[in-house]
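# Breakdown of the fold
Each chain, written out:
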Amino acid sequence: MTAFLQELAKTYGYQANHLLAILRAVQARYHHIPEPAIEALAGLLQLPRSQIIGIVEFYSFLHLQPQGQYELLISDSITDQMLGKQDLISYLADRLQVSIGAVRADGLVSLANTSCTGLCDQGPAGLVNGLPLTQLTRAKLDVIVSLINARTPLPEWPSELFAVHDNIQKTDVLLSRTMTMGEALQATFDRGIAATLTEIDRAGLRGRGGAGFKTAMKWRFCSEESETTRYVVCNADEGEPGTFKDRVLLNSYADQVFEGMTVCAAIIGARQGFLYLRGEYLFLHEPLQAVLQQRRDAGLLGNNILGQGFDFDIAICLGAGAYICGEESALIESLEGKMGIPRNRPPYPVTQGYLGKPTVVNNVETFLAAAAVAVQGGDWFASIGTGPSKGTKILSICGDCACPGIYEYPFGTTIQAILDDCGAHDVLGVQVGGPSGTFISRQEFDRKLAFEDLATGGSFIIFNASRNILDIVNNFTHFFAHESCGFCTPCRVGTSLLKKQLDKIVDGHGSAGDVAALESLCQLVKNYSHCGLGQTAANPILTTLARYPELYQAKLKKISYEPGFDLDAALATARRMADRHDAAAHLAQVGEDYE
Amino acid sequence: MSKTITIDGKAIPFTEGQTIMQAATAADVYIPHLCHHPEFTPHGSCKLCTVKVNGRNCSACTFPAAEGQEVLNNTQELNSDRKTITQMLFVEGNHFCPSCEKTGNCQLQAVAYHLNMLDDHFPLFYAHRAMDASHPEVLIDHNRCIFCTLCVRASREHDGKAVFAISGRGINKHLLVNSTSGQLKDSDLDSGDKAAHICPTGAILIKHTAYQVPIGQRVYDHHQINEVSLASEHPHGE
Ligand SMILES: Cc1cc2nc3c(=O)[nH]c(=O)nc-3n(C[C@H](O)[C@H](O)[C@H](O)COP(=O)(O)O)c2cc1C
Ligand code: SF4
Ligand code: SF4
Ligand code: FES
Ligand code: FES
């Protein structure tokens, strides 16, 4: 181990900002971060050991306790659940003789749940040692169990187990035109750098990651900073459940995304860029490295790009299982090898980002669109869409529809038109923008896809009339509690309290006043949390409570107050110790009007 | 020309670079806080100091003062929400004030009094947390840690050490001691370190000093936290 760690630390130049990458490598090899590795790395990188433990305990894919040599994770996303995930994971646990969340006694395999893996159009999905398993069925699980029990190395597993499809169902201006390598960059230099920024401004391009900040303005702010060391970062964390369009863009349009980053670098004057790739997309890492190499070979990355005296290169950094790292300042912390805790703002990343230097962070699709604008000009782009929302939006559509996958639409398209295209029938509602977005009911399908109406980073989950809204809300609320970084009180404690209070109502223990208490807790978490995670964590409850208050009320008992504490359950241990099973050993929680 | 903001309608001068908290403290205006301490880099995590700046919620301890800001601080709505946040801190840990040596000197308790918190409101989490009594002079009771990171910052910024760290994600957050055994006795903490004396709650206590000041004669038994805080944290040290 010592030699391995020394070599690893050397590869990364003994730099603490590569700690996450180093720990990923240790985890991949030993299936946990062993105590001697912590000690050795603390010495090699000159770090307090507590900082290393801090990272390990923050990221879901790093572990202090040994995991199986085959680390199996099954996505717990709502769409996977709708496709029968619960039954499959129980079956798998049974066949493998391992309980969920545990390691088998022989240490060969471990099994656990994980947050959305970005494969919602081909679920139920999972990961084995970080690689995606798609469209799981009992038959496939039988194959997997045999392979594991026979200790077959992963490279020898049948490749169809790992097949990931693009499922591009509908293309518009961006997806239907493939750009030639270097086209956008050449156009940028031909037109002039300042003139190209003007085109991006005229295009009215707004960020595709969710918040919709004007891209040209962000680039301009960054380029006007007095500090001249600047960075470009592409946010490919794509953690919002139900979003998978960035996966497809990086699989089939990576060159154009990198080109957009390079155009940005030319405009803001950056020499280094990063692609922050979520850990779930490990399978894209090598192909993306190959695309970068092609671009270097073509003189589109590296020194003196296109003979313009412009130097720029891109490195890929992998995440390790943390939704919060999609938040731009948490992402920057993670790039620096730290826990993904959102920073205090101001200062914003455009003034003090990576290593304290001015940094532009944009979504994958934003860079893709920027490259197209660099070629085709701002007016072309601005002629599509609505007043405040120009161009097209690429959606990841999943849930109850005939053809899940990738759809590109001009902004302003109605929800009904989208539902018709993807073959959705008997629709109860749609979750637009993922759990942090809005649940809309069937009365609202004339609403439009647009920043001024229904904004989405790309997630579009369809539910038909057979689905139970409270199950959906429950899944999302648990997701946020699991993903809270824990930095601030309202989000750390509040998301757990939301989970408890919602469970209380859903499980039928709520009474009058409990819905009002839930709502006021939602408001507090929303208004006082430090970052967007906490500020949107109550949205699943708030948006459904506004539309279906009767669903919540119907769950309440007809008593005035039900304590959160279950008196009878608390006596269970005592009953077991006293071996009492008679009626007198049970206590009624409240008085006579128990329903 | 000094610049001004208003807090609850009153003009408050500030100098460029000051946070709202710093400007307020200098002008003898109390903004409730727990993770803030004037000697250390602001952290912004407890959210007790939330004020409304031109209608938007901001953490006073980290948000820069800027000319013309209208800040709301001592309003019923903010204080009621601050009380709820304090209740969250209480139920997350295990705070049994009557049996805690810090009672009467505890800032968490004092803030709760100040905000008129009369109950926990939320269900208790009953978190399983340990004690570390290994060090000859200093005791850690993890049950009372509110993750304010003051000990972390004091150790790093004042003592030039790195005895403490906060680890874990979400509700699994916990305080770590930087030693091979994870125990305080194996760390390089000295009982004279600032980090050993900075804890706003009863999570880090100095041994052999318990009850030297009887209950009833402690800091917050006679003074509200707003008075104590302004007297001790005023930049002129008055
Ligand atoms: C909890 C959280 C998660 C986020 N996840 C992502 C993400 O996965 N991808 C993304 O592009 N933006 C994400 N964002 C938004 C980013 O903070 C940031 O606004 C965005 O990357 C800016 O790029 P854009 O202007 O191109 O949209 C997230 C924000 C929050 C609060
Ligand atoms: S730390 Fe403070 S609030 Fe907690 S138990 Fe002790 S006195 Fe009470
Ligand atoms: S031990 Fe005390 S000072 Fe340290 S983080 Fe916990 S509450 Fe804050
Ligand atoms: S813990 Fe992330 S917003 Fe509070
Ligand atoms: S005092 Fe400002 S967030 Fe804690």
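Residues numbered from 1 in each chain as written. Chains lettered and ligands numbered in written order. Predicted model: local features only at pLDDT ≥ 70, side-chain atom pairs only at ≥ 80, totals over all residues. Heavy atoms only, no water.

## Here we look at the overall build of chain A
Assigned secondary structure in chain A consists of 26 helices and 15 strands. The C-alpha radius of gyration of chain A comes to 25 Å, within 12% of the 25 Å expected for a compact globule of 595 residues. Referenced to the eigenvectors of the C-alpha coordinate spread, the extents of chain A come out at roughly 90 × 60 × 50 Å. When each of the 595 residues of chain A is scored for burial, the buried share is 57%. Contacts spanning at least 24 positions in sequence make up 72% of the contacts within chain A whose residues lie at least 6 apart. Surface accessibility of chain A: about 22,000 Å² in total, with carbon and sulfur atoms responsible for 51%. Looking at charge distribution, chain A has the averaged site of its 48 positive side-chain charges lying 3 Å from that of its 64 negative ones. (Helix = DSSP H or I, 4+ residues; strand = E, 2+ residues; numbered from the N terminus. Rg over C-alpha atoms; globule rule 2.2 N^0.38 Å. Buried < 20%, exposed > 50% of the residue type's maximum accessible area, 1.4 Å probe, protein only. Contact = heavy atoms within 4.5 Å. Areas by Shrake-Rupley, 256 points an atom, 1.4 Å probe, with all protein chains shown as cover. Lys, Arg positive; Asp, Glu negative; His and termini not counted. Charge placed at Lys NZ, Arg CZ, Asp CG, Glu CD.)

## Brief notes about the interface of chain B and chain A
Taken together, the contact between chain B and chain A spans 40 residues of the former and 39 residues of the latter. Note on chain B versus chain A: buried area summed over both sides is about 3,100 Å², and carbon and sulfur give 60% of it. If you sort the residues of chain B by the area they bury against chain A, Lys-47, Met-88 and Arg-169 of chain B come out on top, with a joint share of 23%. On the surface where chain B and chain A come into contact, there are two salt bridges. Considering every element that reaches the side of chain B that touches chain A, the biggest residue donor is helix H2 (residues 76-92) of chain B, with nine residues. Considered class by class, the residues forming the side of chain B that touches chain A number 20 nonpolar, 14 polar and six charged. (Buried area = accessible area lost by both parts, 1.4 Å probe. Salt bridge = Lys/Arg side-chain N within 4 Å of Asp/Glu carboxyl O. Nonpolar A, V, L, I, M, F, W, Y, C, P; charged D, E, K, R; others polar.)

## Points about the pattern of salt bridges
Summed over the entire model, instances satisfying the criterion amount to 41 salt bridges over all chains. Residues Asp-311 of chain A and Arg-271 of chain A are paired through a salt bridge, measuring 3.6 Å at the closest nitrogen-oxygen approach. Of the two residues, Asp-311 of chain A is situated in the loop between helix H14 (285-297) and strand E9 (313-318) and Arg-271 of chain A in the loop between helix H13 (254-268) and strand E8 (272-277); the sequence distance between them amounts to 40 residues. Residue Glu-16 of chain B pairs with Lys-3 of chain B through a salt bridge whose shortest N-O separation is 2.8 Å.

## Quick look at a nonpolar patch on the surface
A cluster of nonpolar side chains, Phe-213, Met-217 and Phe-221 of chain A, forms an exposed patch at the surface whose accessible area comes to about 270 Å². Overall, Met-217 of chain A belongs to the partly exposed group, its relative accessible area being 38%. (Patch = residues over 30% accessible without salt bridge, like charges linked within 9 Å, V, L, I, M, F, W, Y side chains within 5 Å.)

## Here's the deal with the nonpolar core
Trp-219 of chain A together with Phe-164 of chain B are the most contacted members of the largest nonpolar core, which has 143 residues in total. With 10 residues, H13 of chain A is the largest single contributor of residues to this core. The contacts of Phe-164 of chain B, once residues within four sequence positions are left out, are Ile-140, Cys-151, Val-152, Ser-155, Leu-175, Leu-176, Val-177, Leu-184, Leu-189, Ala-195 and Ile-204 of chain B. Of all hydrophobic cores here, the second largest spans 54 residues; its members include Leu-19, Tyr-354, Cys-485 and Phe-487 of chain A. (Core = buried A, V, L, I, M, F, W, Y, C linked by side-chain atoms within 4.5 Å.)

## Observations regarding helix H20 (residues 489-506) of chain A
Residue pairs three or four apart in sequence face the same way in an α-helix, which turns once every 3.6 residues. Residue and element names in this part refer to chain A. For H20, which comprises 18 residues, the first-to-last C-alpha distance of 25 Å matches the rise-based estimate of 26 Å (1.5 Å per residue) to within 8%. H20 sits mainly inside the fold: 15 of its 18 residues count as buried. Positive phi shows up at Gly-508, right after H20, with a value of about 85°. (Expected span 1.5 Å × (residues − 1).)

## Focus on the environment of Ala-27 of chain B
All names here are of chain B. Mapped onto the elements, Ala-27 comes out in the loop between helix H1 (20-26) and strand E3 (50-53). We classify Ala-27 as partly exposed; its relative accessible area is 22%. Sequence separation between Ala-27 and Ala-11 is 16 residues; the distance between their C-alpha atoms is 9.4 Å. In this structure Ala-27 touches Lys-10 and Ile-12, once residues within four positions along its chain are discounted.

## Overview of the site of ligand 2
Ligand 2 sits among Phe-90, His-95, Phe-96, Cys-97, Cys-100, Thr-103, Cys-106, Leu-108, Arg-144, Thr-201 and Gly-202 of chain B. Of the residues belonging to the shell around ligand 2, the class tally is six nonpolar, four polar and one charged. (Near = heavy atom within 4 Å.)

## Regarding the packing of helix H19 (residues 469-483) of chain A against helix H23 (residues 539-547) of chain A
Residues and elements named next belong to chain A. It is the contact of H19 with H23, at a shortest axis distance of 8 Å, that shows an interaxial angle of 155°. Between H19 and H23, the interaxial angle falls into the category roughly antiparallel. On H23, the residues touching Ile-469, Val-473, Phe-476, Thr-477 and Phe-480 of H19 are Pro-540, Ile-541 and Thr-544. Residue composition of the contact of H19 with H23, by class: six nonpolar, two polar and no charged. (Axes fitted to C-alpha atoms, helices over the stretch in contact; angles between N-to-C directions. Parallel < 35°, antiparallel > 145°, perpendicular 65-115°, else oblique.)

## Quick look at the domain arrangement of chain A
All names here are of chain A. When the domains of chain A are assigned, the result is domain 1 (2-56), domain 2 (70-165), domain 3 (169-382), domain 4 (393-463), domain 5 (470-554) and domain 6 (567-595). A separation of 33 Å is found between the C-alpha centroids of domain 2 and domain 3. Taken together, the 15 residues of domain 2 in the interface contact 11 residues of domain 3. Between domain 2 and domain 3 the total buried area reaches about 940 Å² when both faces are included, carbon and sulfur atoms providing 60% of it. Counting across the interface, domain 2 meets domain 3 through one salt bridge. A salt bridge links Arg-247 to Asp-121; its shortest N-O distance comes to 3.7 Å. Across the domain 2-domain 3 interface, the total number found is three residue pairs in polar contact (both at pLDDT 80 or more). (Domains from an automatic or database assignment. Polar contact = N/O pair within 3.5 Å; in protein donor to acceptor, adjacent residues only side chain to side chain.)

## Points about the domain arrangement of chain B
Quite often, the size of an interface is put as the accessible area lost when its parts meet. Residues and elements named next belong to chain B. Each assigned domain of chain B is listed with its residue range as follows: domain 1 (3-81) and domain 2 (95-227). Between domain 1 and domain 2, the C-alpha centre-to-centre distance is 25 Å. Each partner contributes to the interface: domain 1 provides 13 residues, whereas domain 2 provides 19 residues. Taking both sides of the interface into account, the surface hidden between domain 1 and domain 2 amounts to around 1,300 Å²; carbon and sulfur atoms contribute 65%.

## Quick look at the pairing of strand E13 (residues 427-432) of chain A
Residues and elements named next belong to chain A. The buried count for E13 comes to six of six residues, which makes it a mostly enclosed element. Here E13 runs beside strand E15 (residues 459-464); their pairing, made up of five bridges, is antiparallel. Paired with Gln-431 across the bridge in E15 is Ile-461. Direction of pairing for E13 relative to strand E14 (residues 438-441): antiparallel, over a ladder of four bridges. (Pairing = 2+ DSSP bridges.)

## Some thoughts on the environment of Lys-218 of chain A
Residue and element names in this part refer to chain A. Inspection of the secondary structure assignment puts Lys-218 in helix H11 (residues 215-223). A C-alpha to C-alpha distance of 8.8 Å links Lys-218 and Val-361, two positions 143 residues apart in sequence. Excluding residues within four positions of it along the chain, Lys-218 makes contact with Phe-213, Glu-328, Val-350, Val-360, Val-361 and Asn-362.

## Considering the packing of aromatic side chains
Residue and element names in this part refer to chain A. Evaluated as defined, the whole model comprises 19 aromatic pairs over all chains. Plain terms: the ring middles of Phe-310 and Phe-312 are 6.1 Å apart, the flat faces sit at 5° to each other, and that makes the pair stacked. The pair Phe-310 / Phe-312 is uniform in exposure class, with both members buried. Among the aromatic residues, those joined into a ring-pair cluster are Tyr-70, Trp-157 and Phe-162. Taking NZ or CZ as reference, Arg-29 lies 4.3 Å from the ring centre of Phe-4, over its face. Lying over the aromatic face of Tyr-281, Arg-278 brings its terminal NZ or CZ to 5.3 Å of the ring centre. (Phe/Tyr/Trp six-rings, centres within 6.5 Å; stacked < 30°, edge-to-face > 60°. Lys NZ or Arg CZ within 6 Å of the ring centre and 35° of its normal.)

## Thoughts on the sheet that holds E13 of chain A
All names here are of chain A. As summarised here, the arrangement of the six strands in space is E6-E12-E11-E15-E13-E14, forming an open sheet in which the pairing is mixed. The open sheet has two edge strands, strand E6 (168-170) and E14, and neither has a second partner. The average angle at which neighbouring strand axes cross in this sheet is 30°, direction not considered.

## Looking at the environment of Glu-70 of chain B
Residue and element names in this part refer to chain B. Here Glu-70 is to be found in strand E5 (residues 70-72). For the pair formed by Glu-70 and Thr-180, sequence separation is 110 residues and the distance between their alpha carbons is 50 Å. Not counting the four nearest positions on each side in its chain, Glu-70 is found in contact with Thr-6, Lys-52, Val-53 and Asn-54.

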